[in-house]
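Spelled out from the first residue to the last, the chains are:
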Amino acid sequence: MQLCPHCGYDNYEGVVFCEKCGIALVPVPLATRQFIDEDAHTGTDRLGSDGVLILQVGAEDAPIMVQVKEELVLGRLSAHDGGITYINLTAYGAADRGVSRRHARLLRDGSAIYLMDLNSTNGTHLNGDPLPSGVEQRIRDGDEIMLGRLKVYVYFKA
Ligand SMILES: [Zn+2]
């Protein structure tokens, strides 16, 4: 068995993504093209049912990889609750960069992923444009999300 460091769920040995919260338990090999700086607006906007979201926070840190079940909340909480996986960005300097505890969410609707600001203190930008709180905006592979002053690149892996 291997305990998920994120939610504590006891997964079977060899499972790549936590059965409960969807976060990758072991490093997942990535196609190199995903880290080439492409035009942010040419990526796919469809994520398959087993598709993985890759959240690249900062240039050097290992990306966070997660299978989106229903909803991710980006902020400074670690939890898994009723289909919602909370992604804790504290280790990336989130507090210093003005990230709220519940800052923004990513919601899956079929193959589409929507970003919504959760009335955060310092706001959310998508590809440089401010995202009004409570507005759902569809995102695509390669998009740049700013949570307060913390930059996160999002990649879709089929
Ligand atoms: Zn887990």
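Everything numeric in this text was worked out from a predicted model, so none of it was measured.

A.B. asks: Tell me about the overall build of the protein, and name the residues and values.
C.D. replies: From N to C terminus, the protein includes 0 helices and 14 strands. Listing the helices and strands of the protein from first to last along the sequence gives β-β-β-β-β-β-β-β-β-β-β-β-β-β. Burial analysis of the protein (158 residues in total) assigns 34% to the buried set. Considering only contacts in the protein between residues 6 or more positions apart, those separated by 24 or more positions represent 44%.

A.B. asks: Hey, could you go over the sheet that holds strand S14 (residues 150-157) for me, with residue numbers and the actual values?
C.D. replies: Taken together, the 6 strands give an open sheet; going across it, the order is S4-S3-S14-S13-S10-S11, and neighbouring strands pair in antiparallel fashion. Strand pairing shows two members of the sheet lacking a second neighbour, strand S4 (64-67) and strand S11 (129-131), which therefore form its edges. Strand-to-strand twist of the sheet, defined as the mean angle between neighbouring strand axes without regard to direction, takes the value 30°. Bridge analysis of strand S3 (residues 52-57) against S14 gives 6 bridges, and the strand direction is antiparallel. When the bridges of S14 are listed, Leu55 appears paired with Val154.

A.B. asks: Go over the sheet that holds strand S9 (residues 112-117) with me, naming the residues and quoting the values.
C.D. replies: On the basis of which strands lie adjacent, the open sheet formed by 6 strands has the order S6-S7-S5-S8-S9-S12 and mixed pairing. Single-partner strands in this sheet number two, and they are strand S6 (79-81) and strand S12 (137-138). Bridge count between strand S8 (residues 102-109) and S9: 6 bridges; the pairing is antiparallel. Within S9, the residue paired with Asp109 across the bridge is Ala112.

A.B. asks: With reference to specific residues and values, describe the pairing of S8.
C.D. replies: Side-chain positions along a regular strand alternate between the two faces of the sheet. Strand direction decides the pairing type here: strand S5 (residues 71-75) and S8, joined by 5 bridges, are antiparallel. Counterpart to Glu71 in the pairing with S8 is Leu107.

A.B. asks: I'd like a rundown of the environment of Ser100, residues and numbers included.
C.D. replies: By the element assignment, Ser100 lies in the loop between strand S7 (84-88) and S8. The residues touching Ser100, leaving out its near neighbours within four places in the chain, are Gly75, Ser120 and Thr121.

Cut-offs used in this document
Residues numbered from 1 in each chain as written. Predicted model: local features only at pLDDT ≥ 70, side-chain atom pairs only at ≥ 80, totals over all residues. Helix = DSSP H or I, 4+ residues; strand = E, 2+ residues; numbered from the N terminus. Buried ≥ 20, exposed ≤ 12 C-beta atoms within 10 Å, placed from the backbone. Contact = placed C-beta atoms within 7 Å. Pairing = 2+ DSSP bridges. Axes fitted to C-alpha atoms, helices over the stretch in contact; angles between N-to-C directions.

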